[in-house]
Amino acid sequence: MKKFDVVALGELLIDFTENGISAQGNPVYEANPGGAPCNVLAMLNKLGRKTAFIGKVGRDIFGNRLKAVLDEVGIDTSNLVMDEDVRTTLAFVETLQDGDRDFSFYRNPGADMMLKEEELQEELIRSGEIFHFGTLSMTHEEVGRATRKAVAVAKESGALISFDPNLRPPLWKSLEDAKKAAAYGFSVCDILKISDNEIQWFTGEEDFDAGIGKLQEQYHIPLVMLSMGRNGSRAYYGNLRAEAAPFLQEATVETTGAGDTFGACCLYHVLRYGLNDLNEDKLTEMLTFANAAASIVTTRKGALRVMPGADEVEALVKRGRIV
């Protein structure tokens, strides 16, 4: 038995999300702790799993707060590096009328970009059953080297590799660079969580099944989960394809963290059932639970501190799909 269920590496930042209008008519922003890898870990912790995070923040107001929040929700921070010179990355999130989001990042540089290979605690990486990462820790050369080193250590230790591209075009010098990073992730992962727009972007296929088929033909990923927003989700495992409908919420506030919540719940089920001999019933159970959890998160501001517990998710599954 390993010490941690999931170890994740990547960005930890502040998401400034809109929260009303001031008396002067200006938008008011709330400073929510965020970053996709830590959102995943926070949900897993809420489900009773042990997690650890590897990354870097600035030794500043926001970095200190972020470390305190991770400690509060139970994520191990022994390999969270505090940079004395570079400030914590900030993201301003605007929710559009159609429910989609637009991001403005303050990251030139940001502390998460500055993680170095020599700052990795390799024993911590080896202590995880699953190692999880995304592309945002590969937008720049130094942190990219650290990411690839961490993946190599994790694979050598026998950990399953989980990957979520988490495409954010503004953070890349070019989308070709983003595609190269995504291709690397596909080539090393055992578990892939990908969104509808990402599979279309990477493969050029409008049809999701065709896109996944093209991806599988090249990379042979054992388990792929496709999130489709208001259209639910699918899982691809060998020759099996499972699908689950969404849980639609009238009280949706924003979608920040919904995909991370979905991905975390899928990892929770992999930890429960393993990656061998999955069947359609187990895949459908996984997707249904993950869809419900993601739906709950859309009714809350932020993500990392407001993840639902298993009882709340299961209650929604029992109640039905329209809330």
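Scroll up to find the structure.
Computed from a prediction, not measured in an experiment: that's the story for all the values here.

Peer 1: Account for the nonpolar core, with residues named and values stated.
Peer 2: Leu12, Met43, Leu44, Phe53, Ile191, Leu223 and Leu283 are the most contacted members of the largest nonpolar core, which totals 56 residues. Take this core: its biggest share by element is 10 residues, from helix H9 (residues 280-297). Excluding residues within four positions of it along the chain, Leu12 makes contact with Gly34, Cys38, Phe53, Val57, Leu66, Leu70, Leu80, Thr88, Asp112 and Leu304. Core analysis: the next-biggest nonpolar cluster, separate from the first, contains 53 residues, Val7, Ile161, Ala178 and Ala182 among them.

Peer 1: Lay out the pattern of salt bridges with the relevant residues and their values.
Peer 2: Overall, the coordinates contain 22 salt bridges when judged by the stated rule. Of the charged contacts in the structure, one is a salt bridge between Arg305 and Glu72, with a shortest N-O distance of 2.8 Å. Of this pair, Arg305 sits in the loop between H9 and helix H10 (310-319) while Glu72 sits in helix H2 (residues 61-73); the two residues are 233 residues apart in sequence, bridging distant segments of the chain. Arg145 is paired through a salt bridge with Glu117; the nearest N and O atoms lie 3.7 Å apart. Placement of Arg145 in helix H4 (residues 141-156) and of Glu117 in the loop between strand S7 (101-106) and helix H3 (122-126) is noted, with a sequence separation of 28 residues between them. Salt bridges linked by common partners bring Glu117, Glu141, Glu142 and Arg145 together as one network.

Peer 1: Describe the packing of aromatic side chains, with residues and values.
Peer 2: Overall, the coordinates contain 13 aromatic pairs when judged by the stated rule. Ring plane angle 40° and centroid distance 4.9 Å describe the contact between Phe133 and Phe163, whose orientation is recorded as tilted. Taken as a pair, Phe133 in strand S8 (residues 128-134) and Phe163 in strand S9 (residues 160-164) lie far apart in primary sequence, 30 residues in all. Under the relative-accessibility criterion, Phe133 is labelled buried at 0%. Centre to centre, the rings of Phe163 and Phe186 are 5.7 Å apart; their planes meet at 80°, and the pair counts as edge-to-face. Of this pair, Phe163 sits in strand S9 while Phe186 sits in helix H5 (residues 175-188); the two residues are 23 residues apart in sequence, bridging distant segments of the chain. Put simply, the rings of Phe131, Phe133, Phe163, Tyr184, Phe186, Trp201, Phe202 and Tyr219 touch in pairs and so form one group of aromatic residues.

Peer 1: Describe the side chain of Ser137, naming the residues involved and giving the relevant values.
Peer 2: By the secondary structure assignment, Ser137 is in the loop between S8 and H4. One polar contact links the side chain of Ser137 to the main-chain carbonyl oxygen of Gly134, over a distance of 3.5 Å. With sequence-adjacent residues up to four places away left out, Ser137 is seen in contact with Leu9, Gly10, Val143, Gly144 and Thr147.

Peer 1: Explain the environment of Ser174 to me, and be specific about the residues and the numbers.
Peer 2: Along the chain, Ser174 falls in the loop between S9 and H5. Of the residues examined, Ser174 reaches a relative accessible area of 28% and is grouped as partly exposed. With 97 residues separating them in the primary sequence, Ser174 and Leu271 have C-alpha atoms 36 Å apart.

Peer 1: Account for the pairing of strand S5 (residues 76-83), naming residues and giving values.
Peer 2: Taking burial as the measure, the 8 residues of S5 include 6 buried ones, the bulk of the element. Two strands pair when backbone bridges link them, and strand S4 (residues 51-58) and S5 are joined in this way by 6 bridges, in the parallel orientation. For Gly55, the partnering residue across the bridge sits in S5 and is Leu80.

Peer 1: With reference to specific residues and values, describe H4.
Peer 2: Between the first and last C-alpha of H4 there are 23 Å, a value that for 16 residues agrees with the 22 Å anticipated at 1.5 Å per step. Regarding H4, the residues found buried are Val143, Gly144, Ala146, Thr147, Ala150, Val151, Val153 and Ala154. Elements in contact with the buried residues of H4: strand S1 (4-9), H3, S8, S9 and H5.

Peer 1: Before we move on, could you go through the sheet that holds S5 and cite the residues and values that matter?
Peer 2: Strand order in this open sheet of 9 strands is S5-S4-S1-S8-S9-S10-S11-S12-S13, and the pairing throughout is mixed. Where the open sheet ends on each side, the last strands, each with one partner, are S5 and strand S13 (240-244). The average undirected angle you get between the axes of adjacent strands in this sheet is 15°. Pairing of S1 with S4 involves 4 bridges; the strand directions are parallel.

Peer 1: Can you tell me about the environment of Thr299, naming the residues and giving the values?
Peer 2: With respect to the helices and strands, Thr299 occurs in the loop between H9 and H10. When the C-alpha atoms of Thr299 and Thr255 are compared, they prove to be 8.2 Å apart, with 44 residues separating the residues in sequence. When sequence neighbours within four positions are dropped, the list of residues in contact with Thr299 reads Gln249, Ala251, Thr252 and Val253. Polar side-chain contacts of Thr299 include one of 2.6 Å to the backbone oxygen of Ile296.

Peer 1: Give me the pairing of S1: which residues, what numbers.
Peer 2: The buried fraction of S1 is high, at 6 of 6 residues. Pairing geometry for S1 and S8, over 4 bridges, is parallel. Within the sheet, the bridge partner assigned to Val7 lies in S8 and is Phe131.

Peer 1: Please give an account of the side chain of Asp5 that cites residues and values.
Peer 2: Assignment of secondary structure puts Asp5 in strand S1. Of note is the side chain of Asp5, whose polar atom sits 3.4 Å from the side chain of Arg49.

Parameters and conventions
Residues numbered from 1 in each chain as written. Predicted model: local features only at pLDDT ≥ 70, side-chain atom pairs only at ≥ 80, totals over all residues. Heavy atoms only, no water. Core = buried A, V, L, I, M, F, W, Y, C linked by side-chain atoms within 4.5 Å. Buried < 20%, exposed > 50% of the residue type's maximum accessible area, 1.4 Å probe, protein only. Helix = DSSP H or I, 4+ residues; strand = E, 2+ residues; numbered from the N terminus. Contact = heavy atoms within 4.5 Å. Salt bridge = Lys/Arg side-chain N within 4 Å of Asp/Glu carboxyl O. Phe/Tyr/Trp six-rings, centres within 6.5 Å; stacked < 30°, edge-to-face > 60°. Polar contact = N/O pair within 3.5 Å; in protein donor to acceptor, adjacent residues only side chain to side chain. Pairing = 2+ DSSP bridges. Expected span 1.5 Å × (residues − 1). Axes fitted to C-alpha atoms, helices over the stretch in contact; angles between N-to-C directions.

From the geometry alone we can't say anything about function, so treat these as descriptive.
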